[in-house]
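# Summary of the model geometry
Single-letter residue listing:
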2 protein chains.
Amino acid sequence: MEDTTRPEEEHQHGQELSAEEWRREEVQRITRLVEDGDVDSAVALLSELHPADRGEALLAMESGPLGETMARLTPEATAEVLEFVDLEEALALISETDPAVLPRVLDETSLDVAADVLRSLPPSRSLEALAGMSDAAEVAPLLGYSDESAGGLMVPEFPAVSAHMTAGIALDVLRLLGPDAEEFASIFVVDSEGRLLGSITVTKLALSPLNDVVRDIMHPEVVSVTADTDQEECARLMDHYGLRYLPVLDGDRRLIGIIMLEDVVEVVTEEATEDMFRIAGIAGERVMGPFGSSVRSRLPWLYINLGTAFLAALVISFFESTIARVAALAVFLPIVAGQGGIAGTQTLTLVVRSMALGELSSTRGMRLVARELLLGLLHGLLLAAVVGAVAYMWMGTPVLGAVVGAAMLGNMVVAGLAGSGVPLLLRRLKMDPAVSSAIFVTTFTDVLGFLMFLGLAALLIEWLV
Amino acid sequence: MEDTTRPEEEHQHGQELSAEEWRREEVQRITRLVEDGDVDSAVALLSELHPADRGEALLAMESGPLGETMARLTPEATAEVLEFVDLEEALALISETDPAVLPRVLDETSLDVAADVLRSLPPSRSLEALAGMSDAAEVAPLLGYSDESAGGLMVPEFPAVSAHMTAGIALDVLRLLGPDAEEFASIFVVDSEGRLLGSITVTKLALSPLNDVVRDIMHPEVVSVTADTDQEECARLMDHYGLRYLPVLDGDRRLIGIIMLEDVVEVVTEEATEDMFRIAGIAGERVMGPFGSSVRSRLPWLYINLGTAFLAALVISFFESTIARVAALAVFLPIVAGQGGIAGTQTLTLVVRSMALGELSSTRGMRLVARELLLGLLHGLLLAAVVGAVAYMWMGTPVLGAVVGAAMLGNMVVAGLAGSGVPLLLRRLKMDPAVSSAIFVTTFTDVLGFLMFLGLAALLIEWLV
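Note that the structure is predicted; figures quoted are calculated from it, not measured.

### Things to note about the overall build of chain A
Helix and strand counts for chain A come out as 22 helices and seven strands. For chain A, the proportion of its 465 residues judged to be buried stands at 56%. Long-range pairs, those at least 24 residues apart, make up 65% of the contacts in chain A between residues at least 6 apart in sequence. Entry remark: accessible area of chain A is about 19200 Å², with carbon and sulfur atoms responsible for 58%. Positive and negative charge centroids in chain A, built from 30 and 67 side chains respectively, lie 9 Å apart.

### Concerning the interface of chain A and chain B
The interface of chain A with chain B comprises 126 residues on the first partner and 125 residues on the second. For the pair chain A and chain B, the two sides together bury roughly 11200 Å², of which 65% comes from carbon and sulfur. Taken together, the links from chain A to chain B amount to five salt bridges. Note that Arg298 of chain A is salt-bridged to Glu372 of chain B, the shortest N-O span being 2.9 Å. Summed over the shared surface of chain A and chain B, the number is 34 residue pairs in polar contact (both at pLDDT 80 or more). When its residues are assigned to classes, the side of chain A that touches chain B shows 75 nonpolar, 22 polar and 29 charged.

### Observations regarding the nonpolar core
Core analysis: the largest hydrophobic core is formed by 123 residues, its most contacted members being Leu58, Leu106 and Ile259 of chain A together with Leu58, Leu106 and Ile259 of chain B. Setting aside its immediate chain neighbours within four residues, Leu58 of chain A contacts Leu46, Leu66, Thr69, Met70, Leu73, Val81 and Leu93 of chain A. Counting residues in hydrophobic clusters, the runner-up holds 81 residues, among them Val326, Val447 and Leu454 of chain A together with Phe310 of chain B.

### A few points about the pattern of salt bridges
Evaluation of the coordinates by the stated rule reveals 31 salt bridges over all chains. Measuring nitrogen to oxygen at the nearest pair gives 3.0 Å for the salt bridge that ties Arg244 of chain B to Glu262 of chain A. Placement of Arg244 of chain B in the loop between helix 15 (231-241) and strand 6 (245-249) and of Glu262 of chain A in helix 16 (residues 261-280) is noted, with the two residues assigned to different chains. Taken together, the shared-partner salt bridges in this structure form one network comprising Asp116, Arg119 and Asp147 of chain A.

### Some remarks on the environment of Asp98 of chain A
All names here are of chain A. Along the polypeptide, Asp98 turns up in the loop between helix 6 (87-94) and helix 7 (102-108). A relative accessible area of 44% means that Asp98 is categorised as partly exposed. Taking the C-alpha atoms as reference points, Asp98 and Ala71, separated by 27 residues in sequence, lie 7.0 Å from one another.

### Description of the environment of Thr442 of chain A
Residues and elements named next belong to chain A. Of note, Thr442 is situated in helix 22 (residues 433-459). Take Thr442: its relative accessible area is 24%, and that puts it in the partly exposed class. Sequence separation of Thr442 and Gly198 is 244 residues, and the distance between their C-alpha atoms is 51 Å. Side-chain polar atoms of Thr442 contact the backbone oxygen of Ile439, separated by 3.2 Å.

### Brief notes about the sheet that holds strand 2 (residues 186-190) of chain A
Residues and elements named next belong to chain A. Strand order in the open sheet made by the four strands is 1-2-3-4, with mixed pairing throughout. Only two strands of the sheet have a single neighbouring strand rather than two, namely strand 1 (160-162) and strand 4 (219-220). The sheet contact formed by strand 2 and strand 3 (residues 196-201) spans five bridges and is antiparallel. When the bridges of strand 3 are listed, Val189 appears paired with Gly198.

### Some words on a negative patch on the surface
All names here are of chain A. Judged by side-chain charge, Glu83, Glu138, Glu157, Asp180 and Glu183 come together as a negatively charged surface patch. Within the element layout of this structure, Glu83 appears in the loop between helix 5 (75-82) and helix 6. Overall, the relative accessible area of 35% leaves Glu83 in the partly exposed class.

### Re the pairing of strand 3 of chain A
All names here are of chain A. The antiparallel hairpin formed by strand 2 and strand 3 contains five residues in its connecting segment, where Gly194 sits at a positive phi of about 90 degrees. Of the strand pairs in this sheet, strand 3 and strand 4 are connected by two bridges, and their pairing is antiparallel. The partner of Ser199 across the bridge, within strand 4, is His219.

### Quick word on unusual backbone geometry
All names here are of chain A. Its identity as a non-glycine residue notwithstanding, Arg253 has a phi of 65 degrees, on the positive side. Secondary-structure assignment places Arg253 in the loop between strand 6 (245-249) and strand 7 (255-260). A relative accessible area of 36% places Arg253 in the partly exposed class. We note that Lys430 has phi near 60 degrees; this positive angle belongs to a residue other than glycine. Mapped onto the secondary structure, Lys430 falls in the loop between helix 21 (398-428) and helix 22.

### Section: the sheet that holds strand 4 (residues 219-220) of chain B
On the basis of which strands lie adjacent, the open sheet formed by four strands has the order 1-2-3-4 (chain B) and mixed pairing. Edge positions in the sheet fall to strand 1 (160-162) and strand 4 of chain B, since each has one partner strand and no second.

### Side note on the side chain of Thr31 of chain B
Residue and element names in this part refer to chain B. Mapped onto the elements of the fold, Thr31 is located in helix 1 (residues 19-35). Here the side chain of Thr31 touches Val27 through a polar contact of 2.5 Å, landing on its backbone oxygen. Not counting chain neighbours up to four residues away, the residues in contact with Thr31 comprise Ala60 and Met61.

### Describing the confidence of the model for chain A
The predicted model of chain A has a mean per-residue pLDDT of 86, with 95% of residues at 70 or higher. Across residues 1-16 of chain A, confidence stays below pLDDT 50; counting only partners more than four residues off in sequence or on other chains, it has 40 contacts.

### Some points on the packing of helix 6 of chain A against helix 8 (residues 111-120) of chain A
Residue and element names in this part refer to chain A. Contact pair helix 6 / helix 8: the axes reach a minimum separation of 10 Å and the direction vectors enclose 70 degrees. The angle between the axes of helix 6 and helix 8 places the two elements in the roughly perpendicular class. For the pair helix 6 and helix 8, contact is made by Leu87, Leu91 and Ile94 and by Asp116, Val117 and Ser120, respectively.

### Quick notes on helix 12 (residues 167-177) of chain A
Because the α-helix completes a turn every 3.6 residues, residues three or four places apart line up on one side. Three or more residues of helix 12 of chain A are buried, namely Ala167, Gly168, Ala170, Leu171 and Leu174 of chain A. Summarising the axial view, the buried residues of helix 12 of chain A lie within an arc of 160 degrees, below the 170-degree limit, and thus occupy one face. Its buried side turned inward, helix 12 of chain A meets strand 1, strand 2, helix 13 (202-207) and helix 14 (214-217) of chain A together with helix 13 (202-207) of chain B. Looking at the residues trailing helix 12 of chain A, positive phi occurs at Gly178 of chain A, about 75 degrees.

### Some words on the relation of the copies chain A and chain B
Aligned on chain B, chain A shows an RMSD of 0.2 Å; the corresponding rotation is 180 degrees and the shift along the axis is 0.1 Å. In symmetry terms, the pair is related by a two-fold rotation axis. When you check the interface residues of chain A against chain B, 99% turn up at the interface there too, and the contact is symmetric in its surfaces.

### Re the pairing of strand 7 (residues 255-260) of chain B
Along any regular strand, the residues point their side chains to alternate faces of the sheet. Residue and element names in this part refer to chain B. With five of six residues buried, strand 7 lies mostly within the body of the structure. Sheet analysis places strand 6 next to strand 7, joined by five bridges and oriented antiparallel. Pairing of Tyr245 across the sheet is with Met260, part of strand 7. The antiparallel hairpin formed by strand 6 and strand 7 contains five residues in its connecting segment, where Arg253 sits at a positive phi of about 65 degrees.

Cut-offs applied
- Residues numbered from 1 in each chain as written.
- Chains lettered and ligands numbered in written order.
- Predicted model: local features only at pLDDT ≥ 70, side-chain atom pairs only at ≥ 80, totals over all residues.
- Heavy atoms only, no water.
- Helix = DSSP H or I, 4+ residues; strand = E, 2+ residues; numbered from the N terminus.
- Buried < 20%, exposed > 50% of the residue type's maximum accessible area, 1.4 Å probe, protein only.
- Contact = heavy atoms within 4.5 Å.
- Areas by Shrake-Rupley, 256 points an atom, 1.4 Å probe, with all protein chains shown as cover.
- Lys, Arg positive; Asp, Glu negative; His and termini not counted.
- Charge placed at Lys NZ, Arg CZ, Asp CG, Glu CD.
- Buried area = accessible area lost by both parts, 1.4 Å probe.
- Salt bridge = Lys/Arg side-chain N within 4 Å of Asp/Glu carboxyl O.
- Polar contact = N/O pair within 3.5 Å; in protein donor to acceptor, adjacent residues only side chain to side chain.
- Nonpolar A, V, L, I, M, F, W, Y, C, P; charged D, E, K, R; others polar.
- Core = buried A, V, L, I, M, F, W, Y, C linked by side-chain atoms within 4.5 Å.
- Pairing = 2+ DSSP bridges.
- Patch = residues over 30% accessible without salt bridge, like charges linked within 9 Å, V, L, I, M, F, W, Y side chains within 5 Å.
- pLDDT = per-residue confidence, 0-100.
- Axes fitted to C-alpha atoms, helices over the stretch in contact; angles between N-to-C directions.
- Parallel < 35°, antiparallel > 145°, perpendicular 65-115°, else oblique.
- Arc of directions from axis to C-beta.
- Least-squares fit on C-alpha atoms with pLDDT ≥ 70 in both.

So this is what it looks like as structure tokens:
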């Protein structure tokens, strides 16, 4: 669509704003208009914005004003927005859309976006919307694919030509497809059964002699996925091979859809965020999402950690008498445990993220554990020296300094071992390293840390009292 | 370049492997050949691989075999690989390249890749290589840009046409540019001074009547950046507006380069990884990177945390006499502190990541703190109930259960407050929330957690002994 909005346009104050500032000002202006009740002016401004900015403005509104504004937007204007916002945001906007208008809006969006929305609505609403859509027959097949798969990412309508056509005829085919074809910079080449043979950029097509046969000038297609391929794998393939489009084939190698790089950028961000959140125990959360989903995702995690904390506490309880005689030990407990936990988390974060990025093969695994062990040793020595010295100076007992130092060293070695070994082991057992590792690693470092510290103290108790 | 490799080709065992498995087998085959000394066969196989896979195979080799293999690869074959691997990997390969051959290799790569490499080499090597390059004049201007800026990302050579040309003439211009033009699906439209006016897809150009004037059929350009724009901002713009190309302008609005979406995908992954690593205190590390860089990035962090741990230990030391009388308190110390630390990290991770993704405006900030406070209260109550009950049953003293429960509740509330408030405050003070927050938040939860727990215990000491 033609868009003539100039974000860098001079503001009426005569100063040139950055695009970012201009956008923010427009959003605030529109929100204020709606809050003052002047919905018509707001809608007029909104219609002039780039759909991506329109979406940002709408999402900044409170629920009441948003509903009023959405009611005044045309289905086309709403559909344009849905193409640019992510799924969560799209659903937030749709919840403020009149269900009677929804089918028309979804008819205006591209098929993959409509399918994404319908898949996420409650079945009754989804069926109701689908029934009212003129595109129902094209969208329905997509609903069977999972959101996070190639089938859920792909665009099912794309320009394709036969291998035996000439360049001139291929261009005519494109011309007949109209403005929709302009989205695509590459055309796909199929045989008479629809099986993928290759691709050719429109540039090459346009610059080749009109009589050249497509088969002779095309790029024979080599990389493809099937509809059930995981979206993260699709993103990795496209990044590895520098692809702009990734063809999706069915079981007979027939071309059924194309994944576009723009849609994969969103996947990359999502997956990276998910990685981080899984390690921390907040998988699936969004920053101002529903209260209940935060509780549901964090509470189990907190309870599990409570369980492992009790395990560590059990270890301490064995040495209650030791602590009763040398209360100073309680002072250094959190120091020893804390450092081990932090070092373990450092290693864990590095290892889990590298696994996710495909940078950690199994052969590298053993070398990694050895490396982290060595790092733990080195860090442990450097920390033990400081901690032991402080313990001695603070409490006056050299043996206490030695015990604290030794325990610190041991704990750092354990942290390195556990932080690298646990995720590798979990991966070998086909379990998700991100979620489970964090629990196991801190349990290891805590339990073994306390054991070493208090055990050593108990052994040398006579020199400590 | 034409590539006829079929990763899904049938393996000689007659079974059809997935592309992933085939790649891995080829890599292993090649590595084995080199280890057996048959470098020629390895190079022959390597030359047939897609450059991305060639890179993977090379990076899997040990240093010695890698050097031998690199010595046998043509500069063109090496240059192709550099286009597909990331910068760290490129530098690893270049360290095994004969310095005399390097200028020829860099002449074969695209200008932005050559610039990336040269920027990262030690100045003497960089100048030496630049002096030997025939592309030196084109590459030199790029060296002034920072790696993580638009100038460092952009491709400085791109097809551009004048607004007053006809579609037919524009296509002829493209034809004259040769195969290099085929990279680009959009052509940029400039005025006589080289200032950006708009863009037009090749598809539209090819399908328009030859006499249409470019100015009438182009898309007036609206989104652009300058060479010093941060790469993360470029990625965000391209994602927000669904762009495939982002023009880079100089101070006079002249077009000086184009950022391509493929290069931004790598940025998105890098930035997400950096976010995670900064929170854990391993910023800048890579999984099997130099030992020294791991020590340099982690040790300061470990020392700082040691310092904050001593602060927390100081708090405990005030209550040494209390603990001496009720050693059971030492058992529950790590439980109370641990849960607060975990909850604080959960909130922190969510907030820092959302900030990085631009999802957290300042207005939302206050609502977020309130929300996390509420969550802390709820989780605190649910955990306190369990912990208090266990403490009572384990130790037999109901008052102990009450003290532990109350401390747990208080600690969870503090964790929610600190985990959300600290990063927001740091952002307002223009400090990097990721790095500093983690230290401050755990310090808060530890210190205040111990204070509440031991303070309460000291107050009610008579009911606890």
